[in-house]
Amino acid sequence: MSNPAPSPRSLAEALRARDDASLGALLRARPDLITPVPTDLTQLATRAGTRASVVRALERLDRFALQTAEALAVAGDPASYEELRGLMAGDADDPTVAGALPRALGTLREQALVWGEDDRLRLVRTARELLAPSPQHPSPTGLGPSVQEATAGMSPGRIQEIVGAAGLPSTHDSVSAVTALTALFTDRKRMTALLAGLPEDSLDVLRRLVWGPPYGQVTADPAPRLRRLLDLGLLLPTAPGTVVLPREVALHLRDGLAHRATEPLPPGVEPVATHRPQVVDATAAGQAYTAVATVEELLKDWDEGGPAVLRAGGLSVRDLKRTAVALDVPEPVAAFWVELAYAAGLIASDGEADERYAATPAYDEWLEQSAADRWAQLAEAWLPATRTPGLIAGRDNKDRTLSALGPGLDRSAAPEVRHRVLTLLAGLPEGTSPAAESVLARLRWERPQRREEDLRSRLAEWTLSEAELLGVTGRGALSGHGRALLGLPARQAPAAPAEDPKGPGDKLPVHHVTPVPEPLTPTEQAVATAAAARLLAPLLPEPLDHVLLQADLTAVAPGPLQRPLADVLDVLADVESKGGATVYRFTPGSVRRALDAGRSASDLHAFLTSHSRTPVPQPLAYLIDDVARKHGHLRVGAASSYVRCDDDAVLNEILADKRATGLGLRRLAPTVLAAQADPTALLDGLRQMGFAPAAESAEGDVLIARAHAHRTPPRTPPEPVPDGPPVPDTTLLSAAIRAVRAGDLASTAPRKESPSRPAGELPRTSSAETLATMQAAVLTNEALWIGYVNAEGSASQRVIAPIRVEGGFVTAYDHTADEVKTYPLHRITGVAELADD
């Protein structure tokens with residue numbers, strides 16, 4: 001019969017006993033341990049015990065796993081599984097807690113926060129220091145110090161007095177006295193009898209302290225109810241005027257529970273309404289189209305150059321308000337659309353001297369795509385974005401206002417929270433919308449230790465509202481294309497309950513915690529986004545090629561219009577109202593705008609006739625003809641500027657008008673007026689006076705006024721700020737594990753003892769000795785231990801099997817690197833033989 005494997009004596013030994021799959025799970029859960037790749041398992045264990053790494057690991061535990069770690073921090077070191085189970089499940093041995101405990105303990109073991117067999121469980125020292133109770137850092141359990149810790153500074157005589165008052169025999173030393181007192185307080189029957197002899201008012205004092213905080217204040221002359229507790233050691237002094245309830249006493253009063261409320265099960269996400277999936281998808285698709293149209297309208301508004309960039313970066317409050325008015329949305333919603341367009345790479349600063357925001361060249365490519373593909377690009381940019389529009393108008397840690405498109409808006413937790421909220425929605429039946437508070441409660445259970453808990457809750461609330469704005473959800477429920485965007489199937493079957501052994505002995509059912517799917521890789525996300533666009537496309541309205549002209553000089557577009565039609569209408573008419581149908585109004589100014597753009601009256605009549613399902617109303621035809629007849633009658637050019645007209649009566653009318661005073665006009669000829677104003681100001685002034693002038697070139701030709709589309713140089717979208725080191729991919733993980741194991745082999749390979757070399761130092765030999773040992777190893781095919789200094793001057797140790805020695809180089813199989821390599825002999829500091837075993 002083979003002997004059982006010995007219990008590991010350190011975390012490094014426990015890691016050394018793991019297989020590659022277990023090491024891979026550790027490095028995925030704690031990617032900071034692999035940056036940079038440790039040289040061996042001892043260094044990996046050391047890094048896993050550093051304060052920064054342990055804090056990060058604790059922050060990523062769910063509430064029950066964290067409660068398990070907190071219980072181990074107040075248990076003995078080492079603790080048995082039964083002791084831990086007693087602290088978590090209590091004297092009643094709650095079956096739900098007992099069933100969930102193996103999973104929580106398995107999580108702590110996987111993340112190298114706990115090591116050892118079930119009879120000797122050890123919490124890593126740094127985690128114990130962080131979670132164990134102390135006067136400066138109270139434990140989340142509400143427990144105080146143990147009897148041994150509380151009596152550490154107490155005089156031997158006082159300890160003997162307490163032992164005697166408790167009815168225990170006196171001892172010859174304080175250690176045995178404290179041991180006897182601890183045994184009394186942990187014996188359920190004897191403690192019950194001891195407490196039964198106390199008056200009710202003394203028990204009330206214990207009840208007030210039992211769930212924490214365990215510290216209280218006393219005077220120099222305590223009341224009788226307190227004096228009795230102090231005499232029995234049920235309260236122990238820790239400082240002048242301060243007493244504490246010992247941990248063992250509190251656990252007895254708590255029926256063995258380390259926590260007042262143990263939470264083994266995650267709170268459920270509660271539904272508030274259920275809709276037919278088709279209704280959800282249709283609602284989400286309508287909002288998705290509105291999202292695309294809103295971003296397009298925003299970019300069209302900034303097409304000729306948007307707002308100026310503040311000196312500190314970002315949009316001014318006034319420009320954000322102006323944008324909100326133009327989009328007809330509240331300012332926070334306008335800030336979201338601006339940030340979304342920025343995250344998608346559609347807008348950026350132009351980088352010029354008077355820096356302004358403008359559309360990027362990517363915007364023109366975006367416009368050429370279908371509506372579904374345009375939405376998919378926006379949604380794909382939203383999912384991993386770390387910039388957080390909800391923070392806009394708030395204050396940073398230096399009390400500066402946070403502005404849209406400005407610095408300080410990145411929050412690295414945003415993608416994780418966004419992904420988790422959507423995943424929780426995907427776990428509900430199709431068409432079901434959740435209660436927002438239940439989503440927040442679930443997130444708090446999954447990440448209770450986060451330092452910015454309020455931020456996570458706000459991020460979750462913003463995710464729910466932004467998903468609705470973007471059309472990922474409809475009526476609060478995740479849509480079909482929203483599921484596809486996450487890479488999830490259209491419908492998920494509920495997972496079967498799992499069972500797991502509790503340790504040595506029988507098996508207990510374990511509560512099934514649905515694993516959180518990892519965010520998709522860029523390649524996987526591209527595939528998922530394309531699938532979402534395919535699902536969304538049939539739900540979007542088809543662009544129309546017609547409008548309905550009305551006698552009140554308006555045109556009604558009963559749906560989205562094809563791009564050429566929409567572009568011409570945007571010039572020929574002004575948008576009066578939006579909604580399910582868009583209403584355009586024709587005005588003299590809008591018609592003149594179309595004529596300035598190079599259209600003739602006949603062109604406009606033909607355009608309206610071909611794109612209207614109703615006859616062109618007579619008032620509209622008259623309006624076009626009237627504006628066209630006056631258009632270009634006056635000509636404005638550069639003198640500084642001038643006005644010319646074949647009808648001198650019109651020029652007389654202009655000169656007689658008081659509104660022309662500021663233009664500095666004077667007559668040069670019967671048909672020509674000179675002006676001090678520049679041509680643009682002259683054109684605007686004459687138009688305000690009711691005339692319809694046209695600009696002309698130096699050759700006398702009419703200038704066609706076309707909108708100048710201002711574009712930034714090519715820009716890349718902003719990179720999300722990572723929340724710590726990225727999770728390594730499979731290739732990197734395999735290479736790292738192979739390197740760590742090879743390095744561990746080199747560092748733990750047995751060496752022959754050498755009296756000239758202190759333990760732990762690299763071997764040092766002369767050049768002649770190194771060469772001779774290498775040549776001998778080639779003949780005997782033996783492995784050697786060498787010290788090596790690379791070109792950067794970094795020293796390391798390696799185990800190699802020399803193959804060939806020539807020309808000042810040794811070619812050998814390097815067990816550390818797991819490959820054949822060539823080393824210059826002059827960089828080898830020394831060589832030593834390995835032990836025979």
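Throughout, residues of each chain are indexed from 1 in the direction in which the sequence is written. Only residues with pLDDT of at least 70 are given local features in this predicted model, and only at 80 or more are side-chain atom pairs given and counted; all residues enter the totals for whole chains, interfaces and linings. Where side-chain values are given, they derive from all heavy atoms of the structure, hydrogens and water being excluded.

S.K.: Help me understand the pattern of salt bridges, please; the structure alone is not making it clear to me.
M.R.: Any two side chains of opposite charge can pair, on the condition that their charged atoms come close. Every case where a carboxyl oxygen of Asp or Glu lies within 4 Å of a side-chain nitrogen of Lys or Arg is listed as a salt bridge. Inspection of the entire model under this criterion finds 35 salt bridges. Salt-bridge contacts for Asp-231 lead to Arg-227; the nearest nitrogen and oxygen are separated by 4.0 Å. Taken as a pair, Asp-231 and Arg-227 lie in helix H14 (residues 224-232) at a separation of 4 residues, close to a single helical turn. Given a relative accessible area of 35%, Arg-227 falls into the partly exposed group. Close ionic contact of Arg-644 with Glu-696 constitutes a salt bridge, the shortest N to O distance being 2.8 Å. On the criterion of sequence distance, the pair formed by Arg-644 in strand S19 (residues 641-644) and Glu-696 in the loop between strand S22 (694-695) and helix H32 (730-748) is long-range, its members being 52 residues apart. Every helix listed is a DSSP run of H or I at least four residues long, and every strand listed is a run of E at least two residues long, numbered separately from the N terminus. Buried means the residue's accessible area, taken with a 1.4 Å probe over protein chains only, is under 20% of the maximum for its type, while exposed means over 50%, and partly exposed covers the values in between.

S.K.: Looking at this structure, how should I read the nonpolar core?
M.R.: Within soluble globular proteins, side chains that are nonpolar generally end up buried alongside one another. Take the buried Ala, Val, Leu, Ile, Met, Phe, Trp, Tyr and Cys residues and link them wherever side-chain atoms come within 4.5 Å; each set so joined is a nonpolar core. Membership of the largest hydrophobic core comes to 90 residues, with the highest contact counts inside it found for Phe-185, Leu-206, Leu-234 and Leu-235. It is helix H5 (residues 63-74) that provides the largest number of residues to this core, a total of 8 residues. Throughout, a contact is declared for two residues whenever any of their heavy atoms are within 4.5 Å. Filtering out sequence-adjacent residues up to four positions away, Phe-185 remains in contact with Val-147, Met-191, Leu-194, Leu-232, Gly-233, Leu-234, Glu-248, Val-249 and His-252. Grouped together as the second largest cluster of nonpolar side chains are 74 residues, Trp-337, Ala-426, Leu-440 and Ala-467 included.

S.K.: Can you walk me through empty space enclosed by the protein in this structure?
M.R.: Here the idea is plain: a probe the size of a water molecule rolls over the atoms and shows the empty space left. The method works on a 1 Å grid over the protein atoms by themselves. A cavity is a set of points holding a 1.4 Å probe that cannot get out, a pocket is an open set with protein on both sides within 12 Å along at least five of seven lines, and residues with an atom within 4 Å of a point line them. Grid points are joined across faces, edges and corners, and a volume is the space filled by probe spheres set on the points. Scanning all chains against the criterion turns up 3 cavities of 30 Å³ or more. A volume near 80 Å³ is recorded for the largest cavity. What lines the largest cavity is Phe-336, Glu-339, Leu-340, Ala-343, Ala-381, Trp-382, Ala-385, Arg-387, Pro-389, Arg-418 and Glu-466. Of all elements in the fold, only helix H18 (331-343) and helix H20 (371-382) reach the threshold of two or more residues within the lining of the largest cavity. At 4 residues, H18 tops the list of elements feeding residues into the lining of the largest cavity. Residue polarity is assigned by list, with Asp, Glu, Lys and Arg as charged and Ala, Val, Leu, Ile, Met, Phe, Trp, Tyr, Cys and Pro as nonpolar; anything else, Gly included, falls into the polar class. For the lining of the largest cavity, the residue count by class is 7 nonpolar, no polar and 4 charged. Looking at the second largest cavity, its volume works out to about 50 Å³. Forming the walls of the second largest cavity are Thr-388, Pro-389, Ala-414, Arg-418, Leu-459, Trp-462, Thr-463 and Glu-466.

S.K.: Would you mind showing me how to read the packing of aromatic side chains here?
M.R.: Aromatic rings considered in pairs are described by the distance between their centres and by the relative angle of their planes. Think of it this way: a Phe, Tyr or Trp ring, Trp meaning its six-membered ring, pairs with another when their centres are within 6.5 Å, and the plane angle makes it stacked under 30 degrees, edge-to-face over 60, tilted otherwise. Taken as a whole and assessed by the stated rule, the structure comprises 4 aromatic pairs. Taking 4.9 Å as the distance between ring centres and 70 degrees as the angle between the ring planes, the aromatic pair formed by Tyr-788 and Tyr-823 counts as edge-to-face. Taken together, the residues span a long stretch of sequence, with Tyr-788 in strand S23 (residues 784-789) and Tyr-823 in strand S26 (residues 819-824) at a distance of 35 residues.

S.K.: When you look at the pairing of strand S27 (residues 828-833) in this model, what are you seeing that I'm missing?
M.R.: Look at any regular strand and the pattern is simple: side chains alternate between the two faces of the sheet. Within S27, 5 of the 6 residues are buried, which leaves it mostly tucked inside the rest of the structure. As defined by bridge partners, S23 adjoins S27 across 5 bridges and the pair is classed as antiparallel. Bridging across to S27, Trp-785 finds its partner in Ala-832. The criterion for strand pairing is that DSSP finds at least two bridges linking the strands in question.

S.K.: Explain the side chain of Ser-641 here, please?
M.R.: By the element assignment, Ser-641 lies in strand S19. What makes Ser-641 buried here is its relative accessible area of 0%. If we skip the residues at most four places from it in the chain, Ser-641 touches Leu-673, Ala-674, Ala-675, Ala-677, Asp-678, Pro-679 and Leu-682.

S.K.: Would you explain the confidence of the model for the protein chain in this entry?
M.R.: Close reading of the predicted structure is inappropriate where its pLDDT is low. Put simply, the protein chain has an average pLDDT of 85, and 90% of its residues get 70 or more. Every residue is assigned a pLDDT by the predictor, reflecting its confidence on a scale from 0 to 100. Long-range and interchain partners of residues 492-513, a stretch whose pLDDT sits below 50, account for 37 contacts in this model, where long-range means more than four residues apart.

S.K.: How should the environment of Gly-90 be read in this particular structure?
M.R.: When you line up the elements, Gly-90 lands in the loop between helix H6 (81-89) and helix H7 (95-110). Separated by 166 residues in sequence, Gly-90 and Gly-256 place their C-alpha atoms 4.6 Å apart. Residues in contact with Gly-90, not counting those within four places in the same chain, are Arg-85, Asp-255, Gly-256 and Leu-257.

S.K.: For this particular structure, what's the right way to read helix H28 (residues 601-611)?
M.R.: What sets the pattern is the α-helix's 3.6 residues per turn: residues three or four places apart point alike. Among all positions of H28, only Ala-601, Leu-604, Phe-607 and Leu-608 are buried. Taken end-on, H28 shows its buried residues confined to a sector of 125 degrees, consistent with a single buried face. The exposed residues of H28 that point more than 90 degrees off its buried face are Thr-609 and Ser-610. If you follow the buried residues of H28, they end up packed against strand S14 (548-550), helix H26 (563-572), helix H27 (588-596) and helix H29 (618-630). When we speak of the arc, we mean the arc of directions from the helix axis to the C-beta atoms.

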